[in-house]
Amino acid sequence: MSLKFRKLTLKYAYLSLEDKETNQICKNVEPEIREYIKEHYPDAYKKIYLQSPPVKPLTEEDNIVTPPSDTIESHEEANIPIQTNPEVKKLYRQVVELTHPDKTGTNDYSEEFANATAAYKENDLGKLVEIGALMGIEFPPQSIEALQLLKKSVDTLQNKIVNKQKTTGWAWHNAQNDEERNRIVQYIIEQQEKDNGQN
């Protein structure tokens, strides 16, 4: 296994954990934000949560800040589908052999099978390699293309995390005092008013 591939694999595994942690943090602060608005901005709370369909704090798709222009889409290898790479096909087939309920005779690995299939369809070689490693399958890539595909998976996941860390949930988690929390709530209220055409 090349050193570069090993580094990318470990980086993907680390980012995967960071992504899960970021998601959990943002999910956990949502009730806290709602309660804060209810306590400190009761009129806004009624407008946001009681009179109209509930609005959730911003998600990664609702970036407060424009994402950096140097994203993975700007790279030449961004459009290579992983399904065309013979090494990746072989890895996917090996994972399917060990996880598909029809192959194993049990549903013990059905979640891994579903995740591997989703990763394969979504061109996420990093996730597929991670699942393969959990199943004891080594994936020593022989081609530059496989390394590029893994780098694309790492870059995509990294961009996803960066975008989540631009949300109000993440900002709330990192707020140090009520002044910062009030600014975040003001932003939520302004966005809600814009969405309802009240501005």
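Below is a short write-up of the structure. What you see is a predicted model; the values in this text were computed from it and never measured. (Residues numbered from 1 in each chain as written. Predicted model: local features only at pLDDT ≥ 70, side-chain atom pairs only at ≥ 80, totals over all residues. Heavy atoms only, no water.)

Right, let's talk about the overall build of the chain for a bit. Looking only at helices and strands, the chain features nine helices and zero strands. For the chain, buried positions account for 41% of its 199 residues. A total accessible area of about 12,000 Å² is found for the chain, and carbon and sulfur atoms account for 49% of it. (Helix = DSSP H or I, 4+ residues; strand = E, 2+ residues; numbered from the N terminus. Buried < 20%, exposed > 50% of the residue type's maximum accessible area, 1.4 Å probe, protein only. Areas by Shrake-Rupley, 256 points an atom, 1.4 Å probe, with all protein chains shown as cover.)

The subject of this paragraph is helix H5 (residues 110-121). Here H5 is 12 residues long and its end C-alpha atoms lie 16 Å apart, about the 16 Å a rise of 1.5 Å per residue gives. If you check which residues of H5 are buried, you get Phe-113, Ala-116, Thr-117, Ala-119 and Tyr-120. Buried residues along H5 cover an arc of 160° about the axis, so they all sit on one side. Relative to its buried face, H5 has exposed residues pointing more than 90 degrees away, namely Glu-111 and Lys-121. Residues of H5 that are buried in the fold lie against helix H3 (86-99), helix H4 (101-104) and helix H6 (125-134). (Expected span 1.5 Å × (residues − 1). Arc of directions from axis to C-beta. Contact = heavy atoms within 4.5 Å.)

Moving on, we come to the packing of aromatic side chains. Under the definition given, this model contains four aromatic pairs. With centroids separated by 5.0 Å and ring planes inclined at 75°, the aromatic side chains of Tyr-36 and Trp-172 adopt a geometry described as edge-to-face. Placement of the pair is Tyr-36 in helix H1 (residues 3-40) and Trp-172 in helix H8 (residues 168-174), with a sequence separation of 136 residues. We note that Tyr-36, like Trp-172, is buried. Summarising the aromatic geometry, the rings of Tyr-92 and Tyr-120 are spaced 4.0 Å apart at their centres and angled 5° between planes, so their arrangement reads as stacked. Of the two residues, Tyr-92 is situated in helix H3 and Tyr-120 in helix H5; the sequence distance between them amounts to 28 residues. We note that Tyr-92, like Tyr-120, is buried. Looking at Arg-181, its charged tip hangs above the ring of Trp-172, at a distance of 5.9 Å from the centre. (Phe/Tyr/Trp six-rings, centres within 6.5 Å; stacked < 30°, edge-to-face > 60°. Lys NZ or Arg CZ within 6 Å of the ring centre and 35° of its normal.)

Moving on, we get to the nonpolar core. Within the largest apolar cluster, 28 residues are counted, with the highest numbers of intra-cluster contacts made by Val-88, Leu-91, Val-95, Leu-125, Leu-128 and Phe-139. Within the residue set of this core, elements represented by two or more residues are H1, H3, H5, H6 and helix H7 (144-164). Counting residues per element, this core draws most heavily on H7, which supplies seven residues. Once you skip the residues sitting within four places of it in the chain, Leu-91 turns out to touch Leu-125, Leu-128, Val-129, Gly-132, Ile-137 and Phe-139. Membership of the second largest hydrophobic core comes to 15 residues, among which are Ile-33, Ile-37, Tyr-49 and Ala-175. (Core = buried A, V, L, I, M, F, W, Y, C linked by side-chain atoms within 4.5 Å.)

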